Amino acid sequence: MIRTQVLGIGSYVPEREINNDELRFLNEKHEVCEQQQIDTNDDWIQARTGIRARRYVPSDESVANSDLAAKAATSALGNADVAPSEVDCIIYATLSPDVMFPGSGVLLQHKLGINQHECACYDIRQQCSGFVYGLQMADAFIRTGMYKRVLLVGSELQSHSLEFATRGRDVTVIFGDGAGAFLLGPKDTGDERDGVIYTRCQADGAGAWELYLKLFETRRAPYFNYDASDPEQNIDKYPQMHGKRVFLQAVRNMVISTNTALKETGMNWNDIDWFVPHQANLRINQKVAEVAEIPDHKVLNTIEFYGNTTAATVPLTIDHWYKEGRAKKGDMILATVFGSGFTWGSAIFRL
Ligand code: UT7
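The rules we used
Residue positions are given per chain, counting from 1 as you read along its sequence in written order. Whole-chain, interface and lining totals are the exception, using all residues; otherwise, since this is a predicted model, local features are given only for residues with pLDDT of at least 70 and side-chain atom pairs are given and counted only at 80 or more. The basis for every side-chain value is the complete set of heavy atoms in the structure, and neither hydrogens nor water enter the calculation. We call a residue near a molecule or strand as soon as one heavy atom of that residue lies within 4 Å of the molecule or strand. We define a polar contact as two N or O atoms separated by no more than 3.5 Å, with the added condition that, inside protein, one atom must be a possible hydrogen donor and the other a possible acceptor, whereas residues neighbouring each other in sequence contribute only through side-chain atom pairs. Areas reported as accessible are Shrake-Rupley estimates using a 1.4 Å probe. Residue values count occlusion only from the protein chains shown. The secondary structure listing takes helices from DSSP runs of H or I that are at least 4 residues long and strands from runs of E that are at least 2 residues long, numbered from the N terminus. Any residue outside Ala, Val, Leu, Ile, Met, Phe, Trp, Tyr, Cys, Pro, Asp, Glu, Lys and Arg is labelled polar, Gly included; the first ten of those are nonpolar and the last four are charged. Boundaries between domains were set according to an automatic or database domain assignment. Per-residue accessibility, obtained with a 1.4 Å probe over protein chains only, is compared with the maximum for each type, and a residue is labelled buried under 20%, exposed over 50%, and partly exposed between these values. Strand pairing is assigned whenever DSSP identifies at least 2 bridges connecting the two strands. Centres within 6.5 Å make a pair out of two Phe, Tyr or Trp rings, where for Trp the six-membered ring is used; the pair is then stacked when the planes are under 30 degrees apart, edge-to-face when over 60, and tilted otherwise. Charge-over-ring placement is defined geometrically: NZ (Lys) or CZ (Arg) within 6 Å of the ring centre, and within 35 degrees of the ring normal.

(A) Highlighting the site of the ligand. In the vicinity of the ligand there are 22 residues, among which Thr40, Arg48, Lys244, Asn281 and Asn308 approach most closely. In this structure, an oxygen atom belonging to the ligand sits 2.9 Å away from a side-chain N or O atom of Arg169. Contact with the protein chains removes 75% of the 940 Å² of surface that the ligand exposes when unbound. Among the elements of the structure, helix H2 (42–49), helix H6 (169–172), helix H7 (243–265) and helix H8 (282–291) are those that each provide at least two residues to the shell around the ligand. Top contributing element to the shell around the ligand by residue count: H7, with 4 residues. Of the residues contributing to the shell around the ligand, the split by class is 10 nonpolar, 6 polar and 6 charged. Among the domains, domain 1 (2–188) and domain 2 (196–350) are the pair contributing at least three residues each to the shell around the ligand.

(B) Examining the pairing of strand E6 (residues 150–156) more closely. Within E6, 7 of the 7 residues are buried, which leaves the element mostly enclosed by the surrounding structure. In E6, alternate side chains face the same way, and those of Val150, Leu152, Gly154 and Glu156 on one face and Leu151, Val153 and Ser155 on the other are all buried. Bridge count for strand E4 (residues 89–93) against E6 is 5 bridges, and the pairing is parallel. Within E6, the position partnered with Ile91 by the bridge is Leu152. Pairing of E6 with strand E7 (residues 178–188) involves 7 bridges; the strand directions are antiparallel. Looking at E7, one finds that Leu152 is bridged to Phe182.

(C) Structural view of the packing of aromatic side chains. All told, the structure shown has 13 aromatic pairs when counted by the stated rule. An angle of 85 degrees between the planes, with centres 6.2 Å apart, marks the rings of Tyr56 and Phe164 as edge-to-face. Here Tyr56 is found in strand E3 (residues 53–56), whereas its partner Phe164 is found in the loop between E6 and H6, with 108 residues between them in sequence. Judged by relative accessible area, which is 0%, Tyr56 ranks as buried. Between the aromatic rings of Phe338 and Phe342, the centroid separation amounts to 5.0 Å while the plane-to-plane angle is 40 degrees, which identifies the pairing as tilted. Looking at Phe342, the relative accessible area reads 5%, which means it is buried. Above the plane of the ring of Trp209 lies Lys214, whose end atom (NZ or CZ) is 5.7 Å from the centre. Lying across the ring of Trp321, Arg326 places its NZ or CZ 5.0 Å from the centre.

Given below as structure tokens:
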């Protein structure tokens, strides 16, 4: 039976590290000002989110989201020892694409020099859940024989769309830039606990306006009609979040999703090496671990180093701990995500 294998993993984060103390002095060009720009502080951020730092791309227009994706993808291809020319499908998950259209998948394909005749390029959204949604797609494509080398990328460049003022502080302190990638392919095996074992994706559009970034609305004419530099008018330019409501929904649905994944596969925590939750807030992950009775030593987090990198959090966290020697090829992983939409889901796979 054909099953989907993880052939390679990779990630990339920009070099510039912004700690919580520096963050409050940044303006929207990420210059360090003498005057504090955001009324926040290290104690609040660490206590409420667990975040100590995040990475930002340079603000000189030299780096696009697809550049972060290309670096993560190159590292995953190298890890799998597969040439870019062998990739026949790209699935690109992001909420911060290079431009409105075309999608970032084709831009990545071009940057990697992948043959234009033999590679389908998909762009998916699903925000913080993009990676698990993409894994489900990749798994279906591979098991049906549609594609043989699927490059699944979660990549975000969020630092240029955040509000560097007290009004947006709840959101601004959380997000960072980064990318992670998996290369996936088929393997003929009778082992039901090999490769991708389980994926389940869910959504509830009733929560759509709990966490969103409008930027424009196509129902309007003109569809973009505010002075983007005027704080009285430009709220649509920035992500908006009802943090407490998102927090509660995240904990609830991540617990249910995780427990359902175990129940439907007949597995328990003895079968799982690592729980990799989405990295939105350390307190969410601690609460999920407590309620779902997940052994603490099996939880992998990276939020303290990178903040919330949305679609990139799961592959970035796995690759971070793989490079540190904690997660290893062959380990069994249960990943659970939750984000804007609302969207959420879980996946169980062997690394
Ligand atoms: O990735 C997608 C999913 N996203 C999430 O899962 C995020 C979920 N939500 C959260 O992580 C949390 O709700 C936040 C970290 C965003 C906020 O933490 P909170 O404990 O829910 O704080 P809060 O929004 O209830 O605000 C408490 C206080 C308020 O002040 P008052 O009204 O009590 O005087 C806020 O204005 O903290 C204030 N506050 C801040 N203070 C310093 C909000 N943000 C900040 C800040 N620095 N950055």
